[in-house]
Amino acid sequence: MAVILVIDDEVLLCDLLKEVLRHHGHEVFVAYNGQEGIETFRKQRPQFTLLDLHLPDMNGCEVLTQIRRIDRQSAVMILTGAGTDKLEQEARDLGITDFLIKGLTYDDLFSAVQRGIQGSAKPAAAPRTAAHALDPQRRSGWEQTLLVVDDEAPIRDLLTQDLSQQGYRVLSAHDGPTALSLAELERPHLIILDINMPGMNGVEVLRTLRAKHYKGDVMMLTGVQDERLLKEALRLGSIEIVGKPAHLERIRLAVAVSLVLSKR
């Protein structure tokens, strides 16, 4: 087992990574800003840290500098939505294990994290099995199909995995046209749909779904505050709008409530 620290202001991504890594036997702490991350690192002394480059109070290189003053050997991996050659070189000069750009798949992200853990200087106990058995109540969810639509690959893949572990049959799509094709074939009970997607936004997807007589529930995820889009989403029959950043437990609860209500 390794002690891992995730420092990122994307709450949902932190929650999802925490769940996945805990299922693999690791002890995971999260921090949503740089100062909190430094304090948590000093207190917990993790063997591996996953660090966002862009944080609300300071950049990742500033956090990394403080981390190196505490522990020069602990493995640190940068995960960022946008990086520059200068920042990457600065981070590498401070001794990181890898520099990853957000948008990579769950498998690629998790493989990189595993390599970072295995390469950490401090020995770790063998992790528990990754298998995650479902109890009978959770198995019953497999009669309910969900479709997760999000252009951010880590969020989409991790959310798909987590909801699958809750017992649902989960499909995923990276854009609007793919989502429409899957919805036509599968008729999911609930679609979890990101509003802010390139090419075809979530409201346009929802409008097309309703035109094709899709009667299932749709839950919108959004980081934007466009009142016009939000009002149209509600008019088109979106059962709930969940703002980003959203905690994983909030999404799980909204999914469960939606599916219970849809049976009535």
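Our structure's up above, just so we're on the same page.
In short, a report on the structure.

**Regarding the nonpolar core**
Move 1: One finds Leu159, Ile192, Ile251 and Val255 to be the most contacted residues of the largest nonpolar core, which totals 42 residues.
Move 2: The leading source of residues in this core is helix α1 (residues 11-23), at 7 residues.
Move 3: Every residue in contact with Ile192, bar those within four places of it in the chain, is listed here: Leu147, Val148, Val149, Leu159, Leu163, Met219, Leu221 and Val255.

**Considering the packing of helix α8 (residues 176-186) against helix α9 (residues 202-211)**
Move 1: Direction vectors running N to C along α8 and α9 enclose 25°, while the axes themselves pass 10 Å from each other. When the axis of α8 is compared with that of α9, the two are roughly parallel. Crossing angle aside, the handedness with which α8 passes α9 is right-handed. When α8 is examined against α9, the residues Gly176, Leu180 and Ala183 are found in contact with a partner set consisting of Val205, Thr208 and Leu209.
Move 2: Of the residues in the contact of α8 with α9, the class split is 4 nonpolar, 2 polar and no charged.

**Structural notes on the sheet that holds strand β10 (residues 240-243)**
Move 1: The parallel open sheet is built from 5 strands, whose spatial order is β7-β6-β8-β9-β10. Lying at the two open borders of the sheet, with one neighbouring strand each, are β7 (169-173) and β10. Here the average twist between neighbouring strands, direction ignored, is 20°.
Move 2: Bridging between strand β8 (residues 190-194) and strand β9 (residues 217-222) involves 5 bridges; their strand directions are parallel. The partner of Ile192 across the bridge, within β9, is Met219.

What counts as what
Residues numbered from 1 in each chain as written. Predicted model: local features only at pLDDT ≥ 70, side-chain atom pairs only at ≥ 80, totals over all residues. Heavy atoms only, no water. Core = buried A, V, L, I, M, F, W, Y, C linked by side-chain atoms within 4.5 Å. Buried < 20%, exposed > 50% of the residue type's maximum accessible area, 1.4 Å probe, protein only. Helix = DSSP H or I, 4+ residues; strand = E, 2+ residues; numbered from the N terminus. Contact = heavy atoms within 4.5 Å. Axes fitted to C-alpha atoms, helices over the stretch in contact; angles between N-to-C directions. Parallel < 35°, antiparallel > 145°, perpendicular 65-115°, else oblique. Left-handed = near helix turned anticlockwise from the far one by under 90°. Nonpolar A, V, L, I, M, F, W, Y, C, P; charged D, E, K, R; others polar. Pairing = 2+ DSSP bridges.

So yeah, pure geometry; function would need other evidence.
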